[in-house]
Amino acid sequence: MELPFFYLFSAGIVITSLFMITRSNVIHAALLLVLSFFFLAGLFVLAGAEFLAAVQVLIYSGGIMVLYLFSIMLMNVQVAVRIRQWHRQRFFAILIVLILGFEIWSVLGKGVFPAMKVWPWKLGATPGNVEALGSVLYTKFVFPFEVVSILLLAAMIGAIVLAKKRIDSWRF
């Protein structure tokens, strides 16, 4: 019963990703990215990683997309649409697609490396331990966690300052 849902979610990710990169309207592209995140959360649920699915929906589909849409609204979309989008990258894009296609073909066991056909693990075989993740994140790695949050805050303030044409006086 899982296989049809796997194919459904995988096809949904591929189709929404292709539509996302071919849209000229950036708002439509951002909404297709949200839909792609939801399909990815479905794959996480199938793999037995319910916590990652919830984090995917809450953080990426919620918070990060609000940040994307906020930055899209701050930029001048009319000028960005008129800028030439293709910069002679077709050769490199086709080369990378061929390399990645060969890699996928090889890993799935139909290519050069047939020994990789049998996976040494089963999806969902090991239970997740959210408590251990939280304790390690907020005890051992609390300083890097706080540094990353300050860097993200500085990047967001910098984006707002760069996007604003004229800084008005602050009114409280």
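Bear in mind the structure is a predicted one, so any value in this text is a computation, not a measurement.

Caption draft 1: How the structure looks around the overall build of the protein. A count of helical and extended segments in the protein gives 7 helices and 0 strands. Taken from N to C terminus, the helices and strands of the protein fall in the order α-α-α-α-α-α-α. In the protein, which comprises 172 residues, the proportion classed as buried is 13%. Carbon and sulfur atoms form 75% of the exposed surface of the protein, whose accessible area is close to 14400 Å².

Caption draft 2: Region of interest: the packing of helix H1 (residues 2-22) against helix H2 (residues 26-46). It is at 9 Å that the axes of H1 and H2 come closest, and there the two elements cross at 160 degrees. As the angle between them shows, H1 and H2 are arranged roughly antiparallel. Pair H1 / H2 crosses with left-handed handedness. Taken together, the residues of H2 that come into contact with H1 (itself represented by Glu 2, Phe 5, Phe 6, Phe 9, Ser 10, Gly 12, Ile 13, Thr 16, Ser 17, Phe 19 and Met 20) are Ala 29, Leu 32, Leu 33, Leu 35, Ser 36, Phe 39, Leu 40, Gly 42, Leu 43 and Leu 46.

Caption draft 3: Quick look at a nonpolar patch on the surface. A cluster of nonpolar side chains, namely Leu 67, Phe 70, Leu 153, Met 156, Ile 157, Ile 160 and Val 161, defines an oily patch on the protein surface of about 590 Å² accessible area. Examining the composition of the nonpolar patch, we find that 5 residues originate from one element, helix H7 (residues 142-163), more than from any other. Along the polypeptide, Met 156 turns up in helix H7.

Caption draft 4: Examining the nonpolar core more closely. Among the nonpolar cores identified, the biggest contains 6 residues, and these are Ala 30, Leu 33, Val 34, Phe 37, Met 65 and Ile 72. For this core, the element with the highest residue contribution is H2, accounting for 4 residues. With residues up to four places along the chain from it excluded, the contact list for Ala 30 reads Met 65, Leu 69 and Ile 72.

Caption draft 5: Molecular detail of H2. The end-to-end C-alpha distance of H2, which contains 21 residues, comes to 30 Å, matching closely the 30 Å that a straight helix rising 1.5 Å per residue would cover. Ala 29, Ala 30, Leu 32, Leu 33, Val 34, Ser 36, Phe 37, Ala 41, Gly 42 and Leu 43 are the residues of H2 that are buried. Gly 48 occupies a position one or two residues after H2 and carries a positive phi of about 85 degrees.

Caption draft 6: Representation of the packing of aromatic side chains. Evaluation of the coordinates by the stated rule reveals 4 aromatic pairs. On the basis of an interplanar angle of 70 degrees and a centroid distance of 5.5 Å, the ring pair of Phe 91 and Phe 92 is categorised as edge-to-face. The residues Phe 91 and Phe 92 share a single accessibility class, namely exposed. By way of ring pairs, the aromatic residues Phe 5, Phe 9 and Phe 39 are connected into one cluster.

Caption draft 7: Summary view of the side chain of Ser 36. With respect to the helices and strands, the residue Ser 36 is situated in helix H2. When its relative accessible area of 9% is taken as the criterion, Ser 36 is described as buried. In contact with Ser 36, other than residues within four places in its own chain, are Ile 13, Thr 16 and Ser 17.

Caption draft 8: Layout of the side chain of Thr 16. Looking at the element boundaries, Thr 16 is found in helix H1. By relative accessible area, Thr 16 is classed as buried at 5%. A polar atom in the side chain of Thr 16 sits 3.3 Å from the backbone oxygen of Ile 13.

Parameters at a glance
Residues numbered from 1 in each chain as written. Predicted model: local features only at pLDDT ≥ 70, side-chain atom pairs only at ≥ 80, totals over all residues. Heavy atoms only, no water. Helix = DSSP H or I, 4+ residues; strand = E, 2+ residues; numbered from the N terminus. Buried < 20%, exposed > 50% of the residue type's maximum accessible area, 1.4 Å probe, protein only. Areas by Shrake-Rupley, 256 points an atom, 1.4 Å probe, with all protein chains shown as cover. Axes fitted to C-alpha atoms, helices over the stretch in contact; angles between N-to-C directions. Parallel < 35°, antiparallel > 145°, perpendicular 65-115°, else oblique. Left-handed = near helix turned anticlockwise from the far one by under 90°. Contact = heavy atoms within 4.5 Å. Patch = residues over 30% accessible without salt bridge, like charges linked within 9 Å, V, L, I, M, F, W, Y side chains within 5 Å. Salt bridge = Lys/Arg side-chain N within 4 Å of Asp/Glu carboxyl O. Core = buried A, V, L, I, M, F, W, Y, C linked by side-chain atoms within 4.5 Å. Expected span 1.5 Å × (residues − 1). Phe/Tyr/Trp six-rings, centres within 6.5 Å; stacked < 30°, edge-to-face > 60°. Polar contact = N/O pair within 3.5 Å; in protein donor to acceptor, adjacent residues only side chain to side chain.

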